[in-house]
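The primary structure of each chain is shown beneath.
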Amino acid sequence: MDLTAARTLDELVDLSFADAVVIAREERRRSGALEARWADVGSGAGAPGTPLFLLLSEGAPSFSGTLVEPRVKRVAFLRSVLGTLGLDGVDVVRSRSDALAAHTFSHTVARATLPPPRWLEEGARLSTEAVWVLLARESAPSHPGWSIDHELSYCWPATRVARRALRYVPTPRGCD
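Here we summarise the structure given alongside this text. None of the values given here were measured: they were computed from a predicted structure.

**Concerning unusual backbone geometry**
In this structure, the amide linkage connecting Ala47 to the following residue, Pro48, adopts the cis form with an omega of 5°. Residue position: Pro48 is located in the loop between strand 1 (37–41) and helix 2 (49–57). In this structure, His103 takes a positive phi of about 60° despite not being glycine. By the element assignment, His103 lies in the loop between strand 3 (90–93) and strand 4 (105–110). Despite not being glycine, Arg160 has its phi angle at roughly 60°, a positive value. When you line up the elements, Arg160 lands in the loop between strand 6 (146–155) and strand 7 (162–170). You can call Arg160 exposed: its relative accessible area is 58%.

**Describing the sheet that holds strand 1**
Pairing is mixed across the open sheet formed by 7 strands, whose spatial order is 3-2-1-4-5-7-6. Each having just a single partner strand, strand 3 and strand 6 make up the two edges of the open sheet. Direction aside, the axes of adjacent strands within the sheet are offset by 20° on average. With 5 bridges connecting them, strand 1 and strand 2 (residues 64–68) associate as parallel partners. Residue pairing for strand 2: Trp38 is matched across the bridge by Gly65. Contacts from helix 2 reach strand 1, strand 2, strand 3 and strand 4 within the one sheet, and its direction differs from that of strand 1 by about 165°. Across the sheet, helix 4 (residues 116–126) is in contact with strand 1, strand 4, strand 5 (127–135), strand 6 and strand 7; its angle to strand 5 comes to roughly 160°.

**So, the pattern of salt bridges**
Inspection of every chain in the model, using the stated rule, returns 12 salt bridges. Linking Asp98 and Arg96 is a salt bridge whose minimum nitrogen-to-oxygen distance equals 3.3 Å. According to the relative accessible area criterion, Arg96 is exposed, its value standing at 55%. Asp149 is the partner of Arg167 in a salt bridge, and the nearest nitrogen-oxygen pair spans 2.7 Å. Here Arg167 is found in strand 7, whereas its partner Asp149 is found in strand 6, with 18 residues between them in sequence. Residues joined by salt bridges that share partners form a network here, namely Glu26, Glu27, Arg29, Arg30, Asp149 and Arg167.

Cut-off values and rules
- Residues numbered from 1 in each chain as written.
- Predicted model: local features only at pLDDT ≥ 70, side-chain atom pairs only at ≥ 80, totals over all residues.
- Heavy atoms only, no water.
- Helix = DSSP H or I, 4+ residues; strand = E, 2+ residues; numbered from the N terminus.
- Buried < 20%, exposed > 50% of the residue type's maximum accessible area, 1.4 Å probe, protein only.
- Pairing = 2+ DSSP bridges.
- Axes fitted to C-alpha atoms, helices over the stretch in contact; angles between N-to-C directions.
- Contact = heavy atoms within 4.5 Å.
- Salt bridge = Lys/Arg side-chain N within 4 Å of Asp/Glu carboxyl O.

The structure is reproduced here in structure tokens:
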């Protein structure tokens, strides 16, 4: 369906699952995020949101997730995938992120939707608790009122592409 830029099966597997597994492992370690309201902004073919939401929702009955995607073809694909998986608590919203209300979600993630500094700004507008920023070679962005809570370095397993996942949280008042 030409939904991703992946050119090989290895790239598709890494693109679809690697970031999701790393983030889910960290959030499960924290456990409070399992009862959260998540959004994957610019979901495309569903990465990392669909596998991430599968991993986070297991054993968390009040988990909810939203896949945000503006393109009709991708929205139809995502709805079909969710229906096939029977993933309750996850919905698809056909929208651009800038049309969503501020502070709608507790946690947000996006991969390659916007340049990292712009994504952090938009994620901070949408989130109340945490924003995940996924990086390849870029330096860590900054945004007033938000600071890095956790940084994970890893390689996509099949393609050996170096990645980093940074978890930003609101900075306590007076600590900027």
